[in-house]
Protein chains: 4
Amino acid sequence: MITRYSRPEAVAIWSQETKYSIWFEIEAHAAAKMAELGVIPHDAAKAIWAKGKDVVWNADRIDEIERTTKHDVIAFLTHVSETVGEEARFLHQGMTSSDVLDTCFAVQLARSTDLLLGGVDRLLAAIETRAKEHKYTVTVGRSHGIHAEPVTFGLKLAGYHAEFQRARKRLVTAREEIATCAISGAVGTFANVDPAVEVYVAEKMGLQVEPVSTQVIPRDRHAAYFAALGVVASSIERLATEIRHLQRTEVLEAEEFFDKGQKGSSAMPHKRNPILTENLTGLARLVRSAVTPAMENVALWHERDISHSSVERGIGPDATIHLDFALHRMAGVIERLNIYPENMQKNLDRLGGLVFSQRVMLALTQAGISREDAYAAVQENAMKVWRGEGRFIDFLKADERVTLPDADLEALFDLGYHTKHVDTVFDRVFGAA
Amino acid sequence: MITRYSRPEAVAIWSQETKYSIWFEIEAHAAAKMAELGVIPHDAAKAIWAKGKDVVWNADRIDEIERTTKHDVIAFLTHVSETVGEEARFLHQGMTSSDVLDTCFAVQLARSTDLLLGGVDRLLAAIETRAKEHKYTVTVGRSHGIHAEPVTFGLKLAGYHAEFQRARKRLVTAREEIATCAISGAVGTFANVDPAVEVYVAEKMGLQVEPVSTQVIPRDRHAAYFAALGVVASSIERLATEIRHLQRTEVLEAEEFFDKGQKGSSAMPHKRNPILTENLTGLARLVRSAVTPAMENVALWHERDISHSSVERGIGPDATIHLDFALHRMAGVIERLNIYPENMQKNLDRLGGLVFSQRVMLALTQAGISREDAYAAVQENAMKVWRGEGRFIDFLKADERVTLPDADLEALFDLGYHTKHVDTVFDRVFGAA
Amino acid sequence: MITRYSRPEAVAIWSQETKYSIWFEIEAHAAAKMAELGVIPHDAAKAIWAKGKDVVWNADRIDEIERTTKHDVIAFLTHVSETVGEEARFLHQGMTSSDVLDTCFAVQLARSTDLLLGGVDRLLAAIETRAKEHKYTVTVGRSHGIHAEPVTFGLKLAGYHAEFQRARKRLVTAREEIATCAISGAVGTFANVDPAVEVYVAEKMGLQVEPVSTQVIPRDRHAAYFAALGVVASSIERLATEIRHLQRTEVLEAEEFFDKGQKGSSAMPHKRNPILTENLTGLARLVRSAVTPAMENVALWHERDISHSSVERGIGPDATIHLDFALHRMAGVIERLNIYPENMQKNLDRLGGLVFSQRVMLALTQAGISREDAYAAVQENAMKVWRGEGRFIDFLKADERVTLPDADLEALFDLGYHTKHVDTVFDRVFGAA
Amino acid sequence: MITRYSRPEAVAIWSQETKYSIWFEIEAHAAAKMAELGVIPHDAAKAIWAKGKDVVWNADRIDEIERTTKHDVIAFLTHVSETVGEEARFLHQGMTSSDVLDTCFAVQLARSTDLLLGGVDRLLAAIETRAKEHKYTVTVGRSHGIHAEPVTFGLKLAGYHAEFQRARKRLVTAREEIATCAISGAVGTFANVDPAVEVYVAEKMGLQVEPVSTQVIPRDRHAAYFAALGVVASSIERLATEIRHLQRTEVLEAEEFFDKGQKGSSAMPHKRNPILTENLTGLARLVRSAVTPAMENVALWHERDISHSSVERGIGPDATIHLDFALHRMAGVIERLNIYPENMQKNLDRLGGLVFSQRVMLALTQAGISREDAYAAVQENAMKVWRGEGRFIDFLKADERVTLPDADLEALFDLGYHTKHVDTVFDRVFGAA
């Protein structure tokens with residue numbers, strides 16, 4: 001995890017303190033249910049909760065014990081005994097480490113996803129605000145980096161809004177995938193722990209019961225989870241790439257906010273670089289790098305092996321923390337984005353009306369010319385403009401194959417024609433006004 | 001696409017013939033709606049459909065035309081003109097190639113997913129049958145490849161059933177992700193095509209309307225789609241790995257069906273190898289290899305670039321066809337799997353009762369011994385067994401720290417103790433009987 | 001393998017005919033050496049070679065036999081018997097299928113690499129020609145997509161030349177990695193085949209001897225091989241991305257050649273899109289997708305399992321054929337690239353001299369002003385230019401912190417200052433003239 | 001970076017202190033050369049070195065400054081000024097941040113690679129020792145997890161030795177790929193910094209000169225570097241997987257050393273799990289996850305963008321530190337591996353001589369029977385053994401198709417036959433004695 005690309009809320013979920021606190025909750029809730037079932041003494045379960053619930057567990061001491069036991073959960077339980085007293089021996093009865101570890105991981109991922117949803121919501125709000133602000137700000141639509149036909153900047157942003165709505169939905173689904181609880185004991189048979197304990201702990205921890213755990217929660221769930229994060233990161237990359245393009249010197253239709261006192265380059269004082277969105281492009285690659293190892297983690301041997309663990313110690317915090325940071329950074333970029341409508345207009349005018357070429361062609365076909373001939377006539381005149389030889393409209397007027405009256409031709413060069421369905425799209429994305 | 005890992009139904013979806021037939025449908029439906037809207041003549045739309053609907057389009061001729069136009073959709077439309085006649089000039093009015101290509105890709109992916117769902121269903125049925133057959137066939141549960149505690153073979157399979165139920169759900173979601181239709185024209189503004197055309201074509205093709213297409217359907221959808229396929233492939237890898245383990249010479253608890261006349265090895269006539277599940281392990285890697293490029297495809301430039309296209313010409317057919325094949329191969333393996341309960345019992349007996357070590361330990365803690373002391377005593381005796389020095393029960397009886405009466409000790413070595421919740425799990429997976 | 005992204009030479013290496021022909025060579029050479037060692041009759045070895053060397057093996061018939069044997073090499077040997085006669089029973093003595101399969105794969109990969117080297121050489125030649133052509137064509141260097149300082153177009157290309165020289169070296173190393181021969185029999189012990197056979201076949205097939213094969217050639221070699229291909233593909237992506245940027249409407253400093261009769265867009269007759277380099281961007285993703293499965297193939301179980309095989313049936317031909325195609329397509333793009341020096345100059349002038357900001361700052365520090373103050377003064381004036389308020393030189397002259405005489409200031413705005421080390425770099429890349 | 005999977009030596013290379021110390025060296029060496037060239041005062045260069053060379057730079061203070069400047073190198077230079085005094089204004093003349101950052105990254109990667117080479121050497125030594133110890137310890141070779149033919153444990157290890165020799169070579173090549181120095185100024189033109197400075201700094205820092213840097217060192221180098229790490233990690237995975245297999249309860253031919261006081265499972269006191277090699281399997285996945293983002297980093301825009309930076313802040317330390325740890329952990333596993341020759345013999349005997357099936361078949365073909373008939377006869381008898389119906393040798397003797405005299409048949413069941421070329425392979429791997 002790279003500190004500079006993290007927010008404290010996200011980091012806190014993965015701290016040793018949080019982890020041990022979740023472990024304690026799981027163990028203590030399990031004990032409470034076991035007491036109810038008569039497996040362990042009521043008083044013990046109550047005492048454990050009373051003495052332990054507010055403890056901040058000592059990670060260093062647990063590490064110290066682990067150096068002997070070489071087993072983290074046993075080290076933790078030993079430390080709980082030191083702190084809470086002898087009743088702690090009733091903890092973990094019939095359970096296995098994975099019951100604690102996997103359920104804790106589920107809680108951490110679920111909490112992280114809640115943060116991610118917050119990030120997406122902030123980003124959605126930012127995009128919506130700016131989209132509505134620029135609903136009718138005309139700009140050129142580009143395919144292949146080449147001017148195509150006019151769109152509006154609001155329309156552009158509406159597309160991103162729809163994409164992040166999907167991102168939100170994917171995160172909700174991903175959260176459901178991993179928010180499950182397993183308290184099923186060794187190899188998942190419930191031999192030494194009643195299924196009712198699992199049901200109880202699940203409810204207390206805000207999770208669903210894992211239908212079949214084989215000591216571990218099956219890792220296809222986590223593969224699906226990290227894959228969803230990878231897709232969301234890719235959407236961030238798309239928006240970041242858009243802004244990087246818009247900020248290019250020759251384009252300059254939008255620009256990341258540039259602070260007073262900021263230096264764009266140590267060598268070149270004139271620079272204002274889209275460094276936040278370039279950074280986001282890189283963060284997207286980082287988040288995505290969790291996907292393949294998460295998939296490789298699925299095929300654990302038999303009822304479980306522990307190869308997934310080292311992977312998840314890495315990708316668990318890294319992918320969630322970096323994506324959380326990226327969503328907020330992206331939201332910040334959009335919120336403060338400098339948008340330059342005049343430059344959009346200037347760029348739009350650059351091709352001298354070529355962006356209306358399709359409409360001219362369609363008008364010709366409607367006037368009875370074959371599609372092939374219309375295409376050829378329009379393309380030929382367009383290429384002259386491309387070569388800088390003059391204005392599109394003039395060439396068209398002079399071309400005898402273009403049988404339309406001059407006034408009709410001129411009427412085709414109309415931006416309103418291209419913006420007439422902006423409302424339709426806005427309604428689809430933001431709902432009817 | 002590797003022919004030997006394909007089924008004809010899956011391959012057919014991606015043939016040139018199918019593609020052109022879908023293209024024609026899209027164009028013709030669009031024309032029908034345009035006629036209704038008064039954009040093109042009714043008669044033309046009708047004639048196009050009447051003359052074209054049963055044509056098998058000539059892929060070679062289209063290729064030939066494309067060598068001049070260097071544009072596949074234009075080549076197709078030219079060929080339609082050759083075949084259907086001059087009315088064809090009314091096709092594609094105000095549309096752009098992507099309207100056809102992306103909507104067609106959606107149809108192909110949706111149809112492929114229907115096949116995948118069929119494959120999952122066959123696999124689910126096979127797993128269920130074998131799980132119920134072996135509901136109480138006792139076998140050892142293994143963690144880290146080491147004997148842990150008894151489970152049943154049915155329980156093992158129930159876990160896979162739950163996993164492929166999730167796979168099914170993921171495929172349904174993935175299908176929804178990509179089953180959308182875009183007929184929005186250049187850069188997605190509907191300038192030259194009414195949104196009603198899109199609505200109409202979507203319905204005819206069994207798709208949803210894409211809320212914002214920017215000439216292309218946004219590729220986050222496809223990234224999510226291929227990621228889902230990668231997760232399903234990983235689940236296949238897990239089941240394949242399980243069977244490979246079970247067939248190992250020293251384990252031999254299950255074995256792929258071995259045909260008369262089959263040769264396991266050109267050199268060693270005695271061999272019976274788990275080649276199908278090894279093959280499935282490899283296929284899982286292949287299917288997963290589509291995930292990263294699909295995610296890299298998301299960040300297209302501005303309203304679109306065409307970098308995704310070459311990627312999708314590869315991964316579109318490859319990932320779906322190979323996963324389809326893998327699901328059916330996996331189903332076949334399970335359907336005909338040789339299962340050897342006697343070997344399971346033999347293996348279970350191998351550690352001389354060590355698999356009951358936890359129960360002994362818990363009994364000791366319930367008799368008042370601290371968890372640490374109970375663990376130490378049981379571990380010490382277990383290690384003697386591990387070193388082949390004698391029987392677990394004998395060592396326990398001889399150990400004075402083990403304060404339980406011999407009869408109570410012996411009662412702990414009971415398989416029924418471990419199978420008592422098989423019903424609970426089966427109810428969760430297959431529903432209450 | 002996608003036919004439209006393939007060259008026949010590359011495809012031919014992976015045909016069934018070529019494969020069986022290589023299989024026959026391996027078997028026949030092995031037989032020749034065995035005869036020399038007295039293991040099989042001399043006459044048999046000679047007869048096999050004489051009768052078989054020019055045969056085009058019948059892939060359909062072999063497929064037919066395989067449907068019974070379910071084993072490809074046994075099917076092949078059976079077919080050789082049918083064709084060559086009973087001497088064929090002396091073939092394959094003490095060998096195992098992998099001896100044939102893995103050695104054949106090595107030959108196919110080595111031949112493919114030779115094609116790739118040819119592709120790189122064509123690309124290097126194209127880059128060199130164009131680099132020398134535009135050695136002193138001044139253009140703006142861009143960092144973060146923002147104008148930085150002047151460079152030359154030749155310098156830009158020189159960097160790519162150096163990169164593809166490295167690509168070449170990586171391919172040579174990659175070829176060495178995989179060009180090994182294993183004829184070591186079951187589990188690689190040479191129990192039934194003399195190591196001298198391996199040495200002989202290796203030499204005949206132009207390969208090195210694999211020091212330790214465990215029935216298979218170890219797959220770390222192939223992982224390294226496909227990783228090298230992935231790196232080369234990434235370099236292609238970088239060059240393709242450069243050209244896509246240069247062709248953007250607002251930049252237009254270079255452009256893919258656009259054929260007469262070509263149509264850029266079915267809808268917009270004015271379009272000229274960088275479709276080849278976009279396509280190359282996608283192909284790079286496809287080639288790279290072979291890297292991870294090749295790495296996942298390394299950890300075969302014990303002496304071998306066959307999970308790598310299905311993967312390699314995919315990535316073997318796909319990655320080599322597509323990379324071969326990509327190298328030639330890239331070379332073609334460079335060879336025919338339209339380069340527009342006037343547009344380069346126009347773009348360079350766009351920022352009104354800001355690209356000289358560093359030189360001004362350095363001159364100020366050399367005149368005794370602190371770096372911080374110099375930076376601040378230059379940045380402040382630059383930002384005014386950025387906002388379109390006037391010319392950089394005028395602001396500098398008017399700023400009293402800028403203590404340089406006007407003539408000295410003007411002398412700083414000199415392109416020659418930035419091109420003075422072009423020769424140094426060219427010498428490094430292309431060698432001293 | 002996961003602390004528990006790190007060694008302090010490897011972590012230290014990536015500390016803030018080390019980074020700033022390398023930055024200072026680069027800047028100070030550059031200043032020394034500039035002084036020699038007369039660009040800056042000799043005394044200043046000397047004073048900078050004298051005052052700065054032993055400073056431990058204050059990372060917190062630099063962070064504080066960066067919060068204003070939003071630029072790390074400028075923040076560092078400001079801090080150097082605070083510490084060293086006003087001469088520091090002569091630092092960084094004509095240089096750009098990337099000159100410092102990229103050259104520093106090269107130094108860190110080179111140093112990390114030196115550690116990795118040390119790790120490989122330790123592993124090679126461990127493998128060699130154990131290989132020679134068990135040169136003739138007979139064990140069964142397994143293909144597809146199924147008993148094939150006898151090998152020796154030494155032979156098995158020799159194969160890994162050869163693989164890690166290749167790993168070593170790949171790391172040496174990878175080190176050469178990235179050990180380059182760029183001091184070429186903005187967009188790499190040397191406009192403001194003489195190429196001689198680069199040559200001088202390169203030599204001082206133990207690096208090669210980067211032939212063409214475009215402000216940054218080209219990232220194909222880093223892609224190749226991390227790919228090499230991924231291949232090495234995959235080799236670790238193969239060895240780890242081997243040991244996990246050997247430790248399986250049913251196999252138990254080797255076992256990770258198990259410490260006194262260690263607990264295998266919190267629930268099951270009898271467990272001894274291969275947790276180190278399972279952990280290594282996971283670490284291999286983690287290290288490999290750096291490969292794809294490193295390849296995605298190659299296609300930076302024009303002369304550079306900064307998207308690679310966030311990626312490298314992650315994968316730079318993570319991949320090198322974890323691989324370093326993994327190599328040492330693997331070496332430790334091999335050094336202390338418990339090896340059980342008696343169990344190997346026991347397993348070898350398990351198939352009742354079937355492992356000699358090939359030799360029987362070959363003897364039959366040499367006695368004049370066709371390969372097909374010999375195969376069929378041997379297979380048929382083998383399958384009876386497979387079904388547990390009796391001993392292989394007895395079935396063979398009783399089969400009239402098997403025309404060999406009993407004594408000849410018995411002579412075929414000879415382990416020495418399979419170990420006769422162990423020396424050949426050992427000579428290839430370890431050199432002739």
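The rules behind these values
Residues numbered from 1 in each chain as written. Chains lettered and ligands numbered in written order. Predicted model: local features only at pLDDT ≥ 70, side-chain atom pairs only at ≥ 80, totals over all residues. Helix = DSSP H or I, 4+ residues; strand = E, 2+ residues; numbered from the N terminus. Rg over C-alpha atoms; globule rule 2.2 N^0.38 Å. Buried ≥ 20, exposed ≤ 12 C-beta atoms within 10 Å, placed from the backbone. Contact = placed C-beta atoms within 7 Å. Least-squares fit on C-alpha atoms with pLDDT ≥ 70 in both. Nonpolar A, V, L, I, M, F, W, Y, C, P; charged D, E, K, R; others polar. Domains from an automatic or database assignment. Pairing = 2+ DSSP bridges. Expected span 1.5 Å × (residues − 1). UniProt positions renumbered as here; feature names shortened; annotations may be inferred. Axes fitted to C-alpha atoms, helices over the stretch in contact; angles between N-to-C directions. Parallel < 35°, antiparallel > 145°, perpendicular 65-115°, else oblique. Left-handed = near helix turned anticlockwise from the far one by under 90°.

**Quick word on the overall build of chain A**
- Across its full length, chain A holds 19 helices and six strands.
- Here chain A has a C-alpha radius of gyration of 30 Å; the compact-globule value for 433 residues is 22 Å, and the former is much larger.
- Each of the 433 residues in chain A was classed as buried or not, and the buried ones make up 65%.
- Taking the contacts inside chain A whose residues are at least 6 apart along the sequence as the reference set, 75% of them involve residues at least 24 apart.

**Quick look at the relation of the copies chain B and chain C**
- Note on the copies: chain B fits chain C at an RMSD of 0.0 Å, the axial shift is 0.0 Å, and the rotation between them is 180°. In the structure described here, the two chain copies are related by an operation that fits a two-fold rotation axis. Minimal C-alpha separation from the rotation axis in chain B is found for S289(B), amounting to 2.8 Å.
- Mapped onto chain C, 100% of the interface residues of chain B are again interface residues, and the two copies thus contact each other with one and the same surface.

**Examining helix α14 (residues 357-366) of chain D**
Residues and elements named next belong to chain D.
- Most of α14 is tucked away: eight of the 10 residues are buried.
- Of all the residues in α14, the buried ones are S357, Q358, R359, V360, M361, L362, A363 and L364.
- In this fold, the buried residues of α14 make contact with β2 (146-152), α15 (371-386), α16 (392-398) and α18 (416-419).
- Directly beyond the C-terminal end of α14, a positive phi value near 105° is found at G368.

**Concerning the interface of chain B and chain C**
- In this complex, chain B contributes 43 residues to the contact, which on the side of chain C involves 43 residues.
- Where the side of chain B that touches chain C is concerned, the elements lending two or more residues are α4 (59-69), α5 (72-84), α10 (275-288), α11 (291-296) and α12 (307-335) of chain B.
- Top contributing element to the side of chain B that touches chain C by residue count: α10(B), with eight residues.
- Tallied by class, residues from the side of chain B that touches chain C come to 15 nonpolar, 20 polar and eight charged.

**Details of the relation of the copies chain A and chain B**
- Superposition of chain A onto chain B requires a rotation of 180° combined with a translation of 0.0 Å along the rotation axis, giving an RMSD of 0.1 Å.
- The overlap is high: 100% of the interface residues of chain A also sit at the interface in chain B, so the same surface is used on both sides.

**Re the interface of chain A and chain B**
- Counting residues at the interface gives 69 residues for chain A and 69 residues for chain B.
- Breaking the side of chain A that touches chain B down by element, the ones donating at least two residues are β1 (138-143), β2 (146-152), α7 (153-178), α9 (220-247), α11 (291-296), α14 (357-366), α18 (416-419) and α19 (422-430) of chain A.
- Sort the elements by how many residues they give to the side of chain A that touches chain B and α9(A) lands first, with 13 residues.
- Here the residues of the side of chain A that touches chain B are counted per class, giving 27 nonpolar, 25 polar and 17 charged.

**Quick notes on the domain arrangement of chain A**
- Looking at chain A, the domain boundaries give domain 1 (1-93), domain 2 (96-344) and domain 3 (354-412).
- Placing a centre on the C-alpha atoms of domain 2 of chain A and another on those of domain 3 of chain A gives a separation of 46 Å.

**Looking at the pairing of β2(A)**
Residue and element names in this part refer to chain A.
- Most of β2 sits inside the fold, with seven of its seven residues counted as buried.
- Taken together, the five bridges between β1 and β2 define a ladder with antiparallel strand orientation. Within β2, the position partnered with V140 by the bridge is P150.
- Between the end of β1 and the start of β2, which pair antiparallel, lie two residues, with H144 showing a positive phi angle near 60°.

**Things to note about helix α5 (residues 72-84) of chain A**
All names here are of chain A.
- With 13 residues, α5 extends 18 Å between its outermost C-alpha atoms, agreeing within 8% with the 18 Å of an ideal straight helix rising 1.5 Å per residue.
- Burial analysis of α5 places 10 of its 13 residues in the buried class, the great majority of the element.
- Next to the buried residues of α5 lie α2 (16-36), α3 (42-52), α4 (59-69) and α6 (97-133).
- Once α5 ends, the next one or two residues include G85, with phi positive near 105°.

**Remarks on the UniProt feature "domain: Adenylosuccinate lyase C-terminal" (unreviewed entry) in chain A**
- UniProt marks residues 352-430 of chain A with the feature "domain: Adenylosuccinate lyase C-terminal" (unreviewed entry), using the numbering shown here.
- As annotated, residues 352-430 of chain A has a helix share of 66% and a strand share of 0%, and its two end C-alpha atoms lie 34 Å apart.

**Remarks on the packing of helix α6 (residues 97-133) of chain D against helix α12 (residues 307-336) of chain D**
Residue and element names in this part refer to chain D.
- Running from amino to carboxyl end, α6 crosses α12 at an angle of 15°, the nearest separation of the two axes being 8 Å. Relative to α12, the element α6 is oriented roughly parallel. For the element pair α6 and α12, the recorded crossing hand is left-handed.
- Counted by class, the contact of α6 with α12 contains 13 nonpolar, six polar and five charged residues.

**Looking at unusual backbone geometry**
- For H92(B), which is not glycine, the phi dihedral falls at a positive 70°.
- The topology assignment puts H92(B) in the loop between α5 and α6 (97-133).
- Accessibility expressed as a C-beta count within 10 Å gives 25 for H92(B), which makes it buried.
- Phi angles above zero are rare outside glycine, and Q215(D) is one such case at about 85°.

**Observations concerning the environment of R329(B)**
Residue and element names in this part refer to chain B.
- Here R329 lies in helix α12.
- Through-space distance from the C-alpha of R329 to that of A32 is 43 Å; in sequence the pair is 297 residues apart.
- The contact partners of R329, leaving out residues within four places of it in the chain, are L276 and L280.

**Considerations on the environment of P41(A)**
All names here are of chain A.
- The topology assignment puts P41 in the loop between α2 and α3.
- Residues P41 and V402, 361 residues apart in the sequence, show an inter-C-alpha distance of 95 Å.
- Apart from the residues lying within four places of it in its own chain, the contact partners of P41 are A35 and F90.

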